[in-house]
Amino acid sequence: MSFFDKMKQGASEAAKKAQQTVEITRIKASIFAKQKEIERQYQLIGQQVYQAYSSGSLSLAETAIASGAEAIKLIEQEIKLLEHKIVEVKKEKECVCGKVVLADTKYCPGCGYKFPNEPVIIDLENPSREP
Ligand SMILES: [Zn+2]
């Protein structure tokens, strides 16, 4: 490979890296926003419980607690998907044991699992598909 080719490759690697960093920062920002949303849900549940307690019947808060908890569950799932996305952007993959390794790793350093030859890429369009 010529000197210029090497330089070109280095430059595009750097550009790729920068793009990757931007993407990861963006995903982390949405994770942060979702964590804030969970906190808000906790607060709402707390308010409902307090109001129900004050009015003398805690059971009044039951529905509100259930819907708040459901909302939190959903947001937690969304956060999980976003964390998966970060793994994908970093060109990493997750082992069956849960250890995160580089995409071209053949054997897991944690448990010794042999990865199939084709790297498992998480489909961003259908992130519900679990590996
Ligand atoms: Zn493993």
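Residues numbered from 1 in each chain as written. Predicted model: local features only at pLDDT ≥ 70, side-chain atom pairs only at ≥ 80, totals over all residues. Heavy atoms only, no water.

Visitor: Now, about the side chain of Lys 93: what can you tell me, with residues and values included?
Guide: Looking at where Lys 93 falls in the secondary structure, it is placed in strand β1 (residues 92–94). Buried within the structure, Lys 93 lacks any salt-bridge partner; Asp 104 is the closest side chain of opposite charge, at an N-O distance of 7.0 Å. Of note is the side chain of Lys 93, whose polar atom sits 3.0 Å from the backbone oxygen of Ala 103. (Helix = DSSP H or I, 4+ residues; strand = E, 2+ residues; numbered from the N terminus. Buried < 20%, exposed > 50% of the residue type's maximum accessible area, 1.4 Å probe, protein only. Lys, Arg positive; Asp, Glu negative; His and termini not counted. Salt bridge = Lys/Arg side-chain N within 4 Å of Asp/Glu carboxyl O. Polar contact = N/O pair within 3.5 Å; in protein donor to acceptor, adjacent residues only side chain to side chain.)

Visitor: Can you explain the coordination of the zinc ion? Please cite residues and give values.
Guide: Coordination sphere of the zinc ion, protein contribution only: Cys 95 (SG), Cys 97 (SG), Cys 108 (SG) and Cys 111 (SG), at 2.3 Å. If you look at the zinc ion, its 4 donor atoms make angles of 103 to 114° with each other, and the shape they trace is tetrahedral. The sequence motif formed by the donor residues of the zinc ion is C-x1-C-x10-C-x2-C. Given a relative accessible area of 6%, Cys 95 falls into the buried group. A relative accessible area of 44% means that Cys 97 is categorised as partly exposed. (Donors = N, O, S within 2.8 Å, 3.2 Å for Na, K, Ca; no water. Tetrahedral: all angles 85-135°; square planar, octahedral: opposite > 155°, others 65-115°.)

Visitor: Mind laying out the pattern of salt bridges, listing which residues take part and the relevant values?
Guide: Applying the stated criterion to the full structure yields 5 salt bridges. One salt bridge in this structure joins Arg 26 and Glu 23, with 3.1 Å as the shortest N-O distance. Here Arg 26 pairs with Glu 23, and both are found in helix α1 (residues 3–54), just 3 residues apart, close to one helical turn. Relative accessible area serves as the criterion here: at 47%, Arg 26 is assigned to the partly exposed category. Overall, the relative accessible area of 28% leaves Glu 23 in the partly exposed class.

Visitor: Report on the nonpolar core, specifying residues and quantitative values.
Guide: Counting 11 residues, the largest nonpolar core consists of Ile 24, Ile 27, Ile 31, Ile 38, Ile 45, Ile 72, Ile 75, Ile 79, Leu 82, Ile 86 and Val 89. Counting residues per element, this core draws most heavily on helix α2 (residues 62–89), which supplies 6 residues. Ignoring anything within four residues of it in the chain, the contact list for Ile 75 reads Lys 34, Glu 37, Ile 38 and Gln 41. (Core = buried A, V, L, I, M, F, W, Y, C linked by side-chain atoms within 4.5 Å. Contact = heavy atoms within 4.5 Å.)

Visitor: Quick rundown of a nonpolar patch on the surface? Include the residues and the values.
Guide: On the surface, Phe 3, Phe 4 and Met 7 cluster together into a nonpolar patch covering about 380 Å² of accessible area. Along the chain, the position of Phe 3 falls in helix α1. In this structure Phe 3 comes out as exposed when scored by relative accessible area, which is 58%. (Patch = residues over 30% accessible without salt bridge, like charges linked within 9 Å, V, L, I, M, F, W, Y side chains within 5 Å. Areas by Shrake-Rupley, 256 points an atom, 1.4 Å probe, with all protein chains shown as cover.)

Visitor: So what about the packing of aromatic side chains? Which residues, and what values?
Guide: Per the stated rule, a full pass over the model turns up 1 aromatic pair. Considering the side-chain rings of Tyr 113 and Phe 115, the 5.2 Å spacing of their centres and the 90° angle between planes classify their relative orientation as edge-to-face. The ring of Phe 115 carries the charged tip of Lys 93 above its face, separated from the ring centre by 4.0 Å. (Phe/Tyr/Trp six-rings, centres within 6.5 Å; stacked < 30°, edge-to-face > 60°. Lys NZ or Arg CZ within 6 Å of the ring centre and 35° of its normal.)

Keep in mind that these numbers describe shape and distance, not what the molecule does.
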